[in-house]
Amino acid sequence: MDIIHLLPDSVANQIAAGEVIQRPASCLKELVENSLDAGASRIQVIVRDAGRTLLQVIDDGTGMSEMDARLAFERHATSKIREAQDLFTLRTMGFRGEALASICAVAQVEMTTRRAEDETGTLLEIHGSDVIRQEPCICPVGTNIKVSNLFFNVPVRRKFLKTDQTELRNLLTEFYHIVLVYPKVNFTFVHNDEIVLELPAGTEKQRIEAVFGNPKRNSYTSAFVDISTETDLVGIRGFVVKPENATRKAEQYFFVNGRYMRHPYFLKAVQTAYSGTLTNDYQPSFFIYFTIAPEAIDVNIHPTKTEIKFADEQTVFQILMASVREALGKFTLAPQIDFDTQGRIDIPLSTGQPVRPPQMRIDPTYNPFHTRQNHAQPQTVAHWESLYEGVSGPREPEVSLTRPAVETAPDAPDTEHGPLWQYADRYILMPVKDGLMLINQHRAHAAVLTAQFMEQLAHTQGAMQQMLFPEVLVLTPDDMVLIQTLLTDLRTIGFDLEQLSPDSYSVQGIPAQVAHMSAVPLLQDILMQVREQGADTPAAWRSQIARALAENAAIPSGKHLTETEMRDLVTRLMQLPEYRRSIDGKTIVSLLPDEEINKRF
Ligand code: ADP
Ligand code: MG
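The structure presented is a predicted model; accordingly, all values stated were derived computationally and were not measured.

Focus: the sheet that holds strand 22 (residues 589-593)
The strand order across the open sheet formed by 4 strands is 16-17-18-22, and the pairing between neighbours is antiparallel. Of all the strands in the sheet, the pair left with one neighbour each is strand 16 (421-423) and strand 22. The average undirected angle you get between the axes of adjacent strands in this sheet is 30 degrees. This element, helix 13 (residues 441-459), spans strand 16, strand 17 (427-432) and strand 18 (435-440) of the sheet and lies at about 70 degrees to strand 18. Running at roughly 70 degrees to strand 17, helix 17 (residues 563-574) makes contact with strand 16, strand 17, strand 18 and strand 22 of the sheet.

As structure tokens, this is what we get:
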């Protein structure tokens, strides 16, 4: 008996859907891209429960004929390419013809659509690839697709979805990628009946302002300078942040031919152009738009991947780096590129200078909170001490390290007796059984405080200090979503936060251990840590909250410690189950073994 048979389309579609539609955000991307391909000038996105129950996209594009409306949901049905050759000259976002087929395989879809030349439109209802209804209807020109109960027939996928807050953040991230390249299209994003973003048509700069700016603050885009370079190979336009306005949370966007892309190699080019101008862990924000002949890039890769390959990446790297440097007013440092010779560029790649890795200046005395408030004046080692006035005061270890004693790690050395020295105001030296223990004082304190904050988050209420002057924390829509996720834990640890408006919170209280710090940058740092670590379980984000607070509150390198302070710190460090490494894997303690020392003589 033959045993091989063809899978029914509905099953094949469901399997393929796993590739294209992984979560509400990928569904949103496909729908909005279709609207853009259909030439829409106004696109409304309506979401309920982070896309779980409803994801609706309404456009005023070309619409579809009755026949096309039906065909659109078939696999490999597309109006965008006819033959393989067309792939190399792609000018649309979509081309695979599998998005709608995939979506209707895993959701309940209702669509109305009408072309301008037709009097009536078409209504189509499909549940899990089964056509439930198809009939003429009265509707405006354009297309209105409602995707309900995503993954209703794939419980595993549904279970795989993250919290609403995380999925909503994913939706917004995807939405940003699109709206930032289509400033001439009017977009609205509504979640649970609230308007999250309303973006009128305008220029790129106005679009960036509308997404990231805040009417109550200084203009967001005034922190940026324009870049613009036109060569035979590539056009590069956009905006890069002025070094003095860089922050730790950077918005970094590359687009090529109207498509968002991730490009770690080009990111290096931008970082290299900034090298030496940014403090410590500050990152440059940028919005950079490439225009290049479609045949010089390869977008024909996985539908959900955002990496794009360029034919001549090294040359583009050099042009990009030079262009950012020029914008930052340091063009003289760039490798020699002659832009004048008949508009051609000639870069001796083989003999050219090797590309330098990004170099960030490390300033051991740097304090993010002081830098933010007066980032006009570069911080120098000479006046570092004044930076910590009032900071080191309330931070005597005896006062702040109130961690209840736990059992000492079995191999931890005795810290009660014996000499202790401080070296270079950064390390504590302690003789132990088989050598000399070197302890990084900042990391040690950060580890102790992390453990303390974690404990508070798990069991108790942290001590809160009322602030004299409440501060206002203004957030982007995605951070608003994120902070709601963290709200309970932030309150537990001692922040007093009240929502003030759809995009801001007022901060009235701060954890007592960090009471001498500015609440707003501290909270921004927490949000950034949580976001960057992709922490989306309570355990994961609690440890990021604890870590961010501890990192900020810990005694800095460069602070002189008394012997009592050292002994107290070392004793508490040795009580941690893992005192050698921090939770992010950094070395806290290093042993210089006896034989190493003896060998020297
Ligand atoms: P692709 O976009 O790769 O062609 P899709 O499955 O996303 O594949 O869409 C299939 C076809 O349906 C498109 O090629 C287009 O002709 C039509 N279509 C989809 N969405 C719209 C829309 N919003 N407006 C007009 N036509 C659409
Ligand atoms: Mg498509």
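Details of the confidence of the model for the protein
Reading fine detail from the predicted coordinates is not recommended where pLDDT is low. A residue-level look at the protein finds 82% of positions with pLDDT of 70 or above and a mean pLDDT of 81. Under a pLDDT of 50 for its full length, residues 331-407 has, in the predicted model, 133 contacts with residues more than four places off or in other chains.

Quick look at the pairing of strand 13 (residues 286-292)
With 6 of its 7 residues buried, strand 13 lies for the most part within the structure. Pairing geometry for strand 10 (residues 234-241) and strand 13, over 7 bridges, is antiparallel. Paired with Arg 237 across the strands is Tyr 289, a residue of strand 13. For strand 11 (residues 252-256) and strand 13, the ladder comprises 5 bridges, and the chain directions are parallel. Directly across from Tyr 253, in strand 13, lies its bridge partner Phe 287.

Quick look at the nonpolar core
In globular proteins that are soluble, nonpolar side chains generally tend to be buried together. Grouped together as the largest cluster of nonpolar side chains are 93 residues, with contacts concentrated most on Leu 180, Ile 288 and Phe 290. Among the elements that take part in this core, helix 6 (residues 164-179) stands out by supplying 7 residues, more than any other. Summarising the domain contributions, this core has at least three residues from each of domain 1 (9-202) and domain 2 (205-329). The next biggest cluster of nonpolar side chains, apart from the first, holds 37 residues, and it includes Leu 473, Leu 490, Met 517 and Ala 546.

Notes on the packing of aromatic side chains
Within the structure shown, the criterion is met by 22 aromatic pairs. Taking 5.9 Å as the distance between ring centres and 45 degrees as the angle between the ring planes, the aromatic pair formed by Phe 212 and Tyr 253 counts as tilted. In this pair, Phe 212 sits in helix 7 (residues 204-212) while Tyr 253 sits in strand 11, placing the two residues 41 residues apart along the sequence. The pair formed by Phe 212 and Tyr 253 is uniform in burial state, with each residue classed as buried. Here the aromatic residues Tyr 176, Phe 212, Tyr 220, Phe 224, Tyr 253, Phe 255, Tyr 260, Phe 287 and Tyr 289 are joined through ring pairs into a cluster of three or more.

Regarding the packing of helix 15 (residues 519-532) against helix 16 (residues 538-553)
As a packed pair, helix 15 and helix 16 sit with axes 9 Å apart at the nearest point and diverge in direction by 135 degrees. Here helix 15 is positioned oblique relative to helix 16, judged by the angle of their axes. As for the relative orientation of helix 15 and helix 16, their crossing is right-handed in sense. Within the contact between the two elements, helix 15 uses Leu 522, Asp 525, Ile 526, Gln 529 and Val 530 and helix 16 uses Trp 541, Gln 544, Ile 545, Arg 547, Ala 548, Leu 549 and Asn 552.

Concerning helix 16
Taking 1.5 Å of rise per residue, 16 residues should cover 22 Å, and helix 16 covers 22 Å from first to last C-alpha, within 8% of that figure. Taken as a whole, helix 16 has its buried residues at Trp 541, Ser 543, Gln 544, Ile 545, Ala 546, Arg 547, Ala 548, Leu 549, Ala 550, Asn 552 and Ala 553.

With respect to the packing of helix 6 against helix 14 (residues 477-493)
Their axes nearest at 9 Å, the elements helix 6 and helix 14 cross at an angle of 170 degrees. Compared by their axis directions, helix 6 and helix 14 come out roughly antiparallel. Mapping the contact onto sequence places Gln 165, Leu 168, Arg 169, Leu 172 and Tyr 176 in helix 6 and Pro 477, Asp 478, Val 481, Leu 482, Gln 484 and Thr 485 in helix 14.

Some words on the pattern of salt bridges
This structure, assessed with the given rule, holds 21 salt bridges. The closest approach of N and O atoms between Arg 70 and Glu 74, which form a salt bridge, is 3.5 Å. Residue Arg 70 is classed as partly exposed on the basis of its relative accessible area, which comes to 28%. Relative accessible area serves as the criterion here: at 30%, Glu 74 is assigned to the partly exposed category. One salt bridge connects Glu 125 with Arg 133, and the closest N-O pair in it is separated by 2.9 Å. Residue classification places Glu 125 among the buried residues on the basis of a relative accessible area of 14%. Take Arg 133: its relative accessible area is 30%, and that puts it in the partly exposed class. Bridged by salt links that share partners, the residues Lys 249, Glu 251, Asp 478, Asp 479 and Arg 531 form one connected network.

How each quantity is defined
Residues numbered from 1 in each chain as written. Chains lettered and ligands numbered in written order. Predicted model: local features only at pLDDT ≥ 70, side-chain atom pairs only at ≥ 80, totals over all residues. Heavy atoms only, no water. Pairing = 2+ DSSP bridges. Helix = DSSP H or I, 4+ residues; strand = E, 2+ residues; numbered from the N terminus. Axes fitted to C-alpha atoms, helices over the stretch in contact; angles between N-to-C directions. Contact = heavy atoms within 4.5 Å. pLDDT = per-residue confidence, 0-100. Buried < 20%, exposed > 50% of the residue type's maximum accessible area, 1.4 Å probe, protein only. Core = buried A, V, L, I, M, F, W, Y, C linked by side-chain atoms within 4.5 Å. Domains from an automatic or database assignment. Phe/Tyr/Trp six-rings, centres within 6.5 Å; stacked < 30°, edge-to-face > 60°. Parallel < 35°, antiparallel > 145°, perpendicular 65-115°, else oblique. Left-handed = near helix turned anticlockwise from the far one by under 90°. Expected span 1.5 Å × (residues − 1). Salt bridge = Lys/Arg side-chain N within 4 Å of Asp/Glu carboxyl O.

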